[in-house]
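The residues making up each chain are set out below.
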Amino acid sequence: MNNWEYAESVESTSIVNIEKKYGIFIDGKFQTANSKKFIKTVSPSTEELLSSVTVGNKNDINDAVESAKEGLKIWTKFSGTERAKYLFKLARLIQERSREFAVLESIDGGKPIKESRDFDLPQVAANFFYFAGWADKLELSWNTKGLKPYGIVGQIIPWNFPLLMLSWKVAPALATGNVVILKPAESTPLTALLFAELCQEVGLPPGVFNLVTGDGTTGAALVQHPDISKIAFTGSTAVGKYIQNETAERDIGLTLELGGKAANIVFNDAAIDQAVEGVVNGIFFNQGHVCCAGSRLVLQEDIHDEFVSKLEKRMQSLRLGNPLDKNTDIGAINSKDQLDKISKLVNEGIEEGGSIFQTECELPQNGFWFKPTLFTNAQPSYRIAREEIFGPVLTTLTFRTPEEAIEISNNTEYGLSAGIWTEKGSKILWVADRLQAGVIWANTFNKFDPSSPFGGYKESGFGREGGRHGLLSYLKVQ
Amino acid sequence: MNEIKKTYKNYVGGKYVRSESGKTFRIELKNDFYEVPLTSRKDIRDAVVAAKKGFNDWQKLTPYNKTQVLYRLSEMLEGNFETYQQILQDAGLTKAKASDDIHKALDSLIWYAGMADKWEQMTGNLNPVSGDFFNISHQEALGVVFTLNSNEQSLNKLLLNMLPALTTGCSVISFNEDNSILALKLAEDINNSDLPGGALNIMSGKFELLIDDVSNHVEITAMAIYKEITIKEKTIIRQNASKSLKRIFVNPPTSGLEALLPFIDTKTVWHPKGR
């Protein structure tokens, strides 16, 4: 009999060089911070200590702001085309060192190398290319000369797509003539630190890009600094609300990309096998650490049994394990905290009465892992059907009529994304018109592009990133 | 001759209503004074219910239909030119200034009427994504918008404070203080213009009494502040707004495409191409 077992194919880590300790990047160079506090960053797949990074404090943020002021003086004098050249150069360098970034991202964040290599990094480079080209066409973008950059922009990004979120934030901000102070997530700072090296390499003027690593206290100091005229944040809805509240006294710009609980609606006239594939991709991509993940499967009642059985079979074929193995589909959960949160919500789902299915697979001894999980028999009132789990957990709800599907899908304070699976074109458009969500994928899911605006309705935040609309997040109307 | 004096009421859900509280406040003009409704917290809640229905009905009209409704409002306005002139003169404007203001108001109305069926062509577009996908971004109206209008005695300003949100398909709760007579008079023309009930609601009162009730109301999706307010007031509004991530716009633009941008959300739809 043939042996169909996969042979391991592990990406070498010799390409990356991780320092024992990192300072912060201000005035165009790495410096020792005022803060003497460090946090350890570990690999979530092995729990191995990778490095210690600075927890920037108020004085560090003050220094970053002073640096940004100097940077702004220079950056403002450049023409759009000059700014474009720097961004194009950054895009090229990212492409050239793409493998190094991908390996580092997988080590630090736990995501499968196949995703960091084939999704994150190509998208990062594409973002810099795309926004580079806008830098000298801003007046054409919205047919007005009345749009002006904010000045100093504070950006706070999450741990699920560390470098990709950096590119979503930094590329449009610099293209539009702003300067940046970036605070990466505390559990995934390494690729941002490597990006700072690239800024040195392309000769980006000092102070145009500043990086202060740290935790929530660092983020709070950035948000509170009176000379920051725009905050762009991606993360939880709770923190988004905190930021809007904290900045209430100031007339500043805000872009908030927050949580989601996306409905992935499958009608009985969908191409079932494609839909199964799309639903799996929708929730298990990046271990479900995706704000727009299709975490609610909204299934037409008459295909429930057939669909669920196909879905379970497909889930069983997902390979969980070493993120650096090129065969791995499901990597490590990003942190112990996140793993605890997922476990807690899943246990509550069982207690509330949901039927749980988990794939049979062996979890590695060390690191943070969670089996791909499917809930059926769930009610819309269950916490697993309402709250963002941010993990590989899918909750199934059923409907009979299209109207009911809309009602279930919109019955959430979130409004980031949604999916529609049907072979009937008119039904797609009818449903898309009624879904309260900023991004709608029809007969596909989790597709991204620098030219395609991303962002939510309702409590999923405001502002868009990407595309022509993304420029408006960094330009104020005069 | 013993003149009949008009009682001005709030205009909510297509009906003229007094404040449920029975309270009024006095507006003194040059030649006359009026008691107008002092809008209460309950009145605001009722207005939001009406505006939610109004949003539904107004938004579903075709853009062509919206254009005609707004154009009809200009026809109604023109017919009452002299009444507006009188109110503005009574509020202290010279006859020439009043006339000029009304002409400007009519021009603003015509501009926005013609915009209702065009703005989407300026804000939306196909996105040139990599790969075989049809990808389009278009815009939708936010929902119920509360506008705190400028206190200036100007029909043009008044219209420019409500039209940007209304033109996108939002329903509007238009709140007025010193210029309430002008606004409540305008309600009569709105009533005759075929706007669905609740799409545009006109209220009078003191905003300082309602600042918490309005900014805390989760079903008001956005607030546009066209009046000068204090930093303290802005802070309260934005702090309350943060509980439900309400969109707050302080002195947003009133002309050009930029005026409409605060009141729309971008929806992007993807579909694969294939055989």
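Preceding this paragraph is the structure being described.
**What to know about the overall build of chain B**
Line of reasoning, step 1. In terms of helices and strands, chain B carries nine helices and twelve strands.
Line of reasoning, step 2. Radius of gyration (C-alpha) of chain B: 19 Å, near the 19 Å computed for a compact globule of 275 residues.
Line of reasoning, step 3. Here the C-alpha coordinates of chain B stretch approximately 80 × 40 × 30 Å along the principal axes.
Line of reasoning, step 4. Residue pairs at least 24 apart in sequence account for 77% of intrachain contacts in chain B once pairs closer than 6 positions are excluded.

**Some remarks on the overall build of chain A**
Line of reasoning, step 1. Helix and strand content of chain A: 16 helices and 20 strands.
Line of reasoning, step 2. Its C-alpha atoms give chain A a radius of gyration of 22 Å, near enough to 23 Å, the size a compact globule of 478 residues would have.
Line of reasoning, step 3. Across its three principal axes, chain A shows a C-alpha extent of roughly 65 × 50 × 40 Å.
Line of reasoning, step 4. Within the span of chain A, comprising 478 residues, buried residues form 58% of the whole.
Line of reasoning, step 5. Relative to all contacts within chain A whose residues are 6 or more apart in sequence, the contacts with residues 24 or more apart total 72%.

**What about the sheet that holds strand E12 (residues 263–266) of chain A?**
Line of reasoning, step 1. Across the sheet, ten strands lie side by side as E14(A)-E15(A)-E16(A)-E13(A)-E12(A)-E17(A)-E18(A)-E12(B)-E6(B)-E5(B); this open sheet has mixed pairing. Edge positions in the open sheet fall to strand E14 (355–358) of chain A together with strand E5 (125–126) of chain B, since each of these has one partner strand only.
Line of reasoning, step 2. In this sheet, strand E12 (residues 264–272) of chain B lies alongside strand E6 (residues 133–141) of chain B in antiparallel orientation, the contact comprising nine bridges. Of the residues in E12 of chain B, the one forming a bridge with Ile136 of chain B is Val269 of chain B.

**A short note on the pairing of E6 of chain B**
Residues and elements named next belong to chain B.
Line of reasoning, step 1. Here E6 shows a buried face lined by Phe133, Asn135, Ser137, Gln139 and Ala141 and an unburied face lined by Phe134, Ile136, His138 and Glu140.
Line of reasoning, step 2. As paired elements, E5 and E6 share two bridges and run antiparallel to each other. Residue pairing for E6: Leu126 is matched across the bridge by Ile136.

**Considerations on the packing of helix H4 (residues 113–134) of chain A against helix H6 (residues 162–175) of chain A**
Two quantities define a packed helix pair, namely the angle between the helix axes and the distance between the axes.
Residue and element names in this part refer to chain A.
Line of reasoning, step 1. Following both chains from N to C, one finds H4 and H6 inclined at 5 degrees, their axes separated by 9 Å at the closest point. For the element pair H4 / H6, the angle class is roughly parallel. Counting all contacts with H4, which are made through Asp120, Gln123, Val124, Asn127, Phe128, Phe131, Ala132 and Trp134, the residues of H6 involved are Leu163, Leu164, Ser167, Trp168, Ala171, Pro172 and Ala175.
Line of reasoning, step 2. Here the residues of the contact of H4 with H6 sort into eleven nonpolar, three polar and one charged.

**A short note on the pairing of strand E7 (residues 152–156) of chain A**
Residues and elements named next belong to chain A.
Line of reasoning, step 1. Most of E7 is tucked away: five of the five residues are buried.
Line of reasoning, step 2. Of the two faces of E7, both are covered, the one formed by Ile152, Gly154 and Ile156 as well as the one formed by Val153 and Gln155.
Line of reasoning, step 3. Since E7 and strand E8 (residues 179–183) lie parallel, the crossover through H6 that links them has a hand, and here it is right-handed.
Line of reasoning, step 4. Taken together, the four bridges between E7 and strand E10 (residues 230–234) define a ladder with parallel strand orientation. Within E10, the position partnered with Ile156 by the bridge is Phe233.

**A closer look at the nonpolar core**
Most often, soluble globular proteins keep nonpolar side chains buried together rather than apart.
Line of reasoning, step 1. Judged by nonpolar contacts, the single largest core of 88 residues is most densely connected at Leu87, Phe128, Val180, Ile181 and Leu211 of chain A.
Line of reasoning, step 2. Leave out the neighbours within four places in its chain, and Phe128 of chain A touches Leu87, Leu90, Ala91, Ile94, Ser167 and Ala171 of chain A.
Line of reasoning, step 3. Counting residues in hydrophobic clusters, the runner-up holds 74 residues, among them Ala98, Ala113, Leu200 and Ile264 of chain B.

**Examining the interface of chain A and chain B**
Line of reasoning, step 1. Every contact between the two is made by 33 residues of chain A and, on the other side, 31 residues of chain B.
Line of reasoning, step 2. Elements that contribute at least two residues to the side of chain A that touches chain B include exactly helix H9 (237–246), helix H15 (425–434), strand E18 (439–442), strand E19 (461–462) and helix H16 (467–471) of chain A.
Line of reasoning, step 3. Along the lines of polarity and charge, the residues of the side of chain A that touches chain B split into twelve nonpolar, 13 polar and eight charged.
Line of reasoning, step 4. The pairing of E18 of chain A with E12 of chain B spans three bridges and is classified as parallel. Residue pairing for E12 of chain B: Ile440 of chain A is matched across the bridge by Val269 of chain B.

**Points about the sheet that holds strand E5 (residues 49–54) of chain A**
Strand pairing in a sheet is mediated by backbone hydrogen bonds. Such pairs are either parallel or antiparallel.
All names here are of chain A.
Line of reasoning, step 1. Pairing in this open sheet of three strands is mixed, and the strands run E1-E5-E4 from one edge to the other. In the strand order of this sheet, the two ends are held by strand E1 (21–22) and strand E4 (38–42), each with one partner.
Line of reasoning, step 2. Relative to E5, E1 runs parallel, the two being bridged by two bridges. Note that in E5 the partner of Tyr22 across the bridge is Val53.

**Here's the deal with the packing of helix H8 (residues 207–216) of chain B against helix H9 (residues 231–241) of chain B**
All names here are of chain B.
Line of reasoning, step 1. At their nearest, the axes of H8 and H9 sit 8 Å apart, and the two run at 30 degrees to each other. Classified by the interaxial angle, the pair formed by H8 and H9 is roughly parallel. Remark: the crossing between H8 and H9 carries right-handed chirality. Of the residues in H9, those in contact with Ile211, Asp212, Ser215 and Asn216 of H8 are Glu233, Ile236, Ile237, Asn240 and Ala241.
Line of reasoning, step 2. Here the contact of H8 with H9 is composed, by residue class, of four nonpolar, three polar and two charged.

**Overview of unusual backbone geometry**
Residue and element names in this part refer to chain A.
Line of reasoning, step 1. At Asn286, a residue that is not glycine, the phi angle is positive and equals roughly 55 degrees.
Line of reasoning, step 2. In this structure, Asn286 sits in the loop between helix H10 (272–284) and strand E13 (296–300).
Line of reasoning, step 3. Note on Asn286: 23 C-beta atoms within 10 Å, which makes it buried.
Line of reasoning, step 4. The phi dihedral of Asn446 is positive, around 50 degrees, even though this residue is not glycine.
Line of reasoning, step 5. For Asn446, the position within the fold is in the loop between E18 and E19.
Line of reasoning, step 6. In this structure Asn446 comes out as buried when scored by C-beta crowding, with 23 C-beta atoms within 10 Å.

**Focus: helix H1 (residues 41–59) of chain B**
Residue and element names in this part refer to chain B.
Line of reasoning, step 1. The end-to-end C-alpha distance of H1 is 26 Å, a good match for the 27 Å that 19 residues give at a rise of 1.5 Å each.
Line of reasoning, step 2. Of all the positions in H1, only Asp43, Ile44, Ala47, Val48, Ala50, Ala51, Gly54, Phe55 and Trp58 are classed as buried.
Line of reasoning, step 3. Among the structural elements, strand E1 (10–12), strand E7 (144–148), strand E8 (171–176), strand E9 (200–204) and H8 are those in contact with the buried residues of H1.

Rules used throughout
- Residues numbered from 1 in each chain as written.
- Chains lettered and ligands numbered in written order.
- Predicted model: local features only at pLDDT ≥ 70, side-chain atom pairs only at ≥ 80, totals over all residues.
- Helix = DSSP H or I, 4+ residues; strand = E, 2+ residues; numbered from the N terminus.
- Rg over C-alpha atoms; globule rule 2.2 N^0.38 Å.
- Contact = placed C-beta atoms within 7 Å.
- Buried ≥ 20, exposed ≤ 12 C-beta atoms within 10 Å, placed from the backbone.
- Pairing = 2+ DSSP bridges.
- Axes fitted to C-alpha atoms, helices over the stretch in contact; angles between N-to-C directions.
- Parallel < 35°, antiparallel > 145°, perpendicular 65-115°, else oblique.
- Nonpolar A, V, L, I, M, F, W, Y, C, P; charged D, E, K, R; others polar.
- Right-handed = clockwise from strand over helix to strand, strands pointing away.
- Core = buried A, V, L, I, M, F, W, Y, C linked by C-beta atoms within 7 Å.
- Left-handed = near helix turned anticlockwise from the far one by under 90°.
- Expected span 1.5 Å × (residues − 1).

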